[in-house]
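Chain by chain, the residues run as shown.
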Amino acid sequence: MSIFDELKAKIVGHKKVIVLPEGEDERVLSAAVKLNSEGIIKPLVLGDEAQIKETAKDHKLDLTGLKIINPQNDIRRDDFAKQYFELRKGKESEEQAKKQILDPNYFANMLVYNGLADGCVSGAAHSTADTVRPALKIIKTQAGMKRVSGQFIMEKDQQRYIFSDCAMNIDPDVDTLVEIAYQAAQTAKMVGLEPKLAFLSFSTMGSAKGEMVSKVQAATVSFKEKYPEISADGEMQFDAAFVPSVGAKKAPDSNVAGHANVFIFPELQSGNIGYKIAQRLGDFTAIGPILAGLAKPVNDLSRGCSSQDVYEAAILTAAQSLDVE
Ligand SMILES: CC(C)(COP(=O)(O)OP(=O)(O)OC[C@H]1O[C@@H](n2cnc3c(N)ncnc32)[C@H](O)[C@@H]1OP(=O)(O)O)[C@@H](O)C(=O)NCCC(=O)NCCS
Ligand SMILES: CC(=O)OP(=O)(O)O
């Protein structure tokens, strides 16, 4: 059973409302039409109605029954602007608030914030920074979390792994790395994995030295102290984490080495490059970035995504929203 069949089975009957702010993008609109006709999720599409109709005509998409909202003329925009101003008090002016709210990404997050949508999927036509900023400012982190991280579920045949952080924290400090790892372990459980975390480095168990290695070592120690119930080890190289014979040679005392299924990258360059190599050279399906640590689910897409990716991200977002009910 694919991960999406599993998640679909979870969300059937809940009719979660998922807002898709990039309605003018053909991939997003196709996904919305598919979701709408299936009826498991209710998609809300944001954008200019005339442009959306044009896109639908060009791609022979049937918009019957699809809910379209244009933030530019929606009656809630003034209330949302006031609410956004309050949320951002001291950080953004009233004028800025009025302007921001007309941006579909901001409007979508206000729908989620107000419980008018259960989650949001965006990023097909926006960079990650532009997609996640409204969520960081409006939805904010869930209780007990300081940072939001961006994870990928990597899947191929019967293989399933979690990679993190591949999208958000550029140079995480030790505490952030620990939080990234904890969030990755939770996602692993959500998709049926018993997490075994490897804190990745270019060094295995002290084989190399330096500040970068020390950071990963410190994060491993801190994580093990904080979450002794979650299997984790490090620092280790990817081969030591993944290949049993290499793990046995390089880290013979570790019960994670060679068997890891959750890979924690030391910073964003390696995380983002790493997932794209597995996706493009290794033919893994990369599901994400899944944003973890937000109070309500908002998920990003890669700009290279397909319509199927948008459809699947909506299913995953609906499943995440079950956990915040
Ligand atoms: C995520 C990112 C946009 C945040 O950037 P930033 O410059 O800190 O953004 P801003 O300064 O506008 O911050 C907005 C708010 O989000 C908060 N924030 C930033 N990163 C956060 C994180 N990881 N978790 C929680 N909150 C965060 C800030 O504290 C700030 O809060 P405030 O305005 O209430 O004080 C930035 O870290 C980034 O560009 N990351 C890389 C994204 C990327 O390109 N990934 C590769 C492709 S997937
Ligand atoms: C996740 C990611 O790398 O996104 P993009 O390809 O849009 O930069």
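Residues numbered from 1 in each chain as written. Chains lettered and ligands numbered in written order. Predicted model: local features only at pLDDT ≥ 70, side-chain atom pairs only at ≥ 80, totals over all residues. Heavy atoms only, no water.

If you look the protein up in an unreviewed UniProt entry, it shows as Phosphate acetyltransferase from Lactobacillus psittaci DSM 15354. Listed under Pathway (unreviewed entry) in UniProt, the entry text for the protein is "Metabolic intermediate biosynthesis; acetyl-CoA biosynthesis; acetyl-CoA from acetate: step 2/2." UniProt, in its Sequence similarities (unreviewed entry) section for the protein, records the words "Belongs to the phosphate acetyltransferase and butyryltransferase family." (UniProt positions renumbered as here; feature names shortened; annotations may be inferred.)

A. The overall build of the protein, seen in detail. A count of helical and extended segments in the protein gives 13 helices and 11 strands. Its C-alpha atoms give the protein a radius of gyration of 21 Å, within 12% of the compact-globule value 20 Å for 325 residues. Overall, the C-alpha framework of the protein stretches about 65 × 45 × 30 Å when taken along its three principal axes. By residue count, 54% of the 325 residues in the protein fall in the buried class. Considering only contacts in the protein between residues 6 or more positions apart, those separated by 24 or more positions represent 71%. Counting only carbon and sulfur atoms, one obtains 51% of the accessible surface of the protein, whose full area is about 14800 Å². Here the protein contributes 38 positive and 44 negative side-chain charges, whose respective centroids are spaced 2 Å apart. (Helix = DSSP H or I, 4+ residues; strand = E, 2+ residues; numbered from the N terminus. Rg over C-alpha atoms; globule rule 2.2 N^0.38 Å. Buried < 20%, exposed > 50% of the residue type's maximum accessible area, 1.4 Å probe, protein only. Contact = heavy atoms within 4.5 Å. Areas by Shrake-Rupley, 256 points an atom, 1.4 Å probe, with all protein chains shown as cover. Lys, Arg positive; Asp, Glu negative; His and termini not counted. Charge placed at Lys NZ, Arg CZ, Asp CG, Glu CD.)

B. Region of the structure containing a nonpolar patch on the surface. A contiguous nonpolar surface patch, about 330 Å² in accessible area, is contributed by Ile273, Ile277 and Leu281. You can see Ile277 is positioned in helix H12 (residues 268-280). According to the relative accessible area criterion, Ile277 is partly exposed, its value standing at 46%. (Patch = residues over 30% accessible without salt bridge, like charges linked within 9 Å, V, L, I, M, F, W, Y side chains within 5 Å. Salt bridge = Lys/Arg side-chain N within 4 Å of Asp/Glu carboxyl O.)

C. Representation of the sheet that holds strand E3 (residues 67-69) in the model. A sheet is described by the order of its strands in space; here 5 strands give the open sequence E3-E2-E1-E4-E11, paired in parallel fashion. Bordering the open sheet on either side are E3 and strand E11 (298-300), each of which pairs with just one other strand. The average undirected angle you get between the axes of adjacent strands in this sheet is 25 degrees. Across the sheet, helix H2 (residues 26-38) touches strand E1 (17-20) and strand E2 (42-46), and the angle it forms with E2 is around 150 degrees. (Pairing = 2+ DSSP bridges. Axes fitted to C-alpha atoms, helices over the stretch in contact; angles between N-to-C directions.)

D. Focus on the packing of helix H1 (residues 3-11) against helix H13 (residues 307-322). Interaxial distance between H1 and H13 falls to 9 Å at its minimum, and their mutual angle equals 50 degrees. Here H1 lies oblique to H13, going by the angle between them. H1 and H13 meet at a crossing whose hand is left-handed. Residues Phe4, Leu7, Lys8, Lys10 and Ile11 of H1 form the contact with H13, whose participating residues are Tyr311, Glu312, Ile315, Leu316, Ala318, Ala319 and Leu322. Looking at side-chain class alone, the contact of H1 with H13 contains 9 nonpolar, no polar and 3 charged residues. (Parallel < 35°, antiparallel > 145°, perpendicular 65-115°, else oblique. Left-handed = near helix turned anticlockwise from the far one by under 90°. Nonpolar A, V, L, I, M, F, W, Y, C, P; charged D, E, K, R; others polar.)

E. A look at the packing of aromatic side chains. One pass over the structure, following the stated rule, counts 14 aromatic pairs. Among the aromatic side chains, those forming a connected cluster through ring pairs are Tyr161, Phe163, Phe238, Phe242, Phe263, Phe265 and Phe284. (Phe/Tyr/Trp six-rings, centres within 6.5 Å; stacked < 30°, edge-to-face > 60°.)

F. Quick look at the sheet that holds strand E8 (residues 231-236). One open sheet accounts for 6 strands, arranged E8-E7-E9-E6-E5-E10; its pairing is mixed. Both edges of this open sheet fall to E8 and strand E10 (285-292), since each of them pairs with a single strand only. Each neighbouring strand pair of the sheet contributes to a mean axis angle of 20 degrees, computed without reference to strand direction. Pairing between strand E5 (residues 149-156) and strand E6 (residues 159-164): 5 bridges, direction antiparallel. In the sheet register, Lys156 faces E6, and the bridge partner there is Gln159.

G. Inspection of the UniProt feature "domain: Phosphate acetyl/butaryl transferase" (unreviewed entry) in the protein at higher detail. When the UniProt feature table is mapped onto this chain numbering, "domain: Phosphate acetyl/butaryl transferase" (unreviewed entry) sits at residues 3-318. Split by type, residues 3-318 is 45% helix and 17% strand. Its first and last C-alpha atoms lie 13 Å apart.

H. Quick look at the pairing of strand E4 (residues 119-122). Going residue by residue along E4, you find Gly119 and Val121 tucked away on one face and Cys120 and Ser122 tucked away on the opposite face as well. Here E1 runs beside E4; their pairing, made up of 2 bridges, is parallel. Note that in E4 the partner of Val19 across the bridge is Cys120. In terms of strand pairing, E4 meets E11 through 3 bridges, oriented parallel.

I. Main features of H12. Over its 13 residues, H12 extends 18 Å from the first C-alpha to the last, a length consistent with the 18 Å expected when each residue adds 1.5 Å. Turning to H12, its buried residues are Leu268, Gly271, Gly274, Tyr275, Ala278 and Gln279. Buried residues of H12, viewed axially, fall in a sector of 135 degrees; they line one side. Exposed residues pointing more than 90 degrees away from the buried face of H12 are listed as Gln269 and Arg280. Looking at the buried residues of H12, the elements they touch are E5, E6 and E10. Two or three places before Gln269, at the start of H12, stands the capping residue Glu267, its side-chain oxygen 2.8 Å from that residue's backbone nitrogen. (Expected span 1.5 Å × (residues − 1). Arc of directions from axis to C-beta. Polar contact = N/O pair within 3.5 Å; in protein donor to acceptor, adjacent residues only side chain to side chain.)

J. The site of ligand 1, seen in detail. Looking at ligand 1, there are 17 residues lining it, with Arg88, Thr128, Val148, Ala167 and Met168 nearest. Arg147 has a polar side-chain atom sitting 3.4 Å from a nitrogen atom of ligand 1. Note that a nitrogen atom of ligand 1 is positioned 3.1 Å from one of the side-chain N or O atoms of Asn169. Within the complex, the protein chains bury 65% of what would otherwise be the 930 Å² of accessible surface of ligand 1. (Near = heavy atom within 4 Å.)

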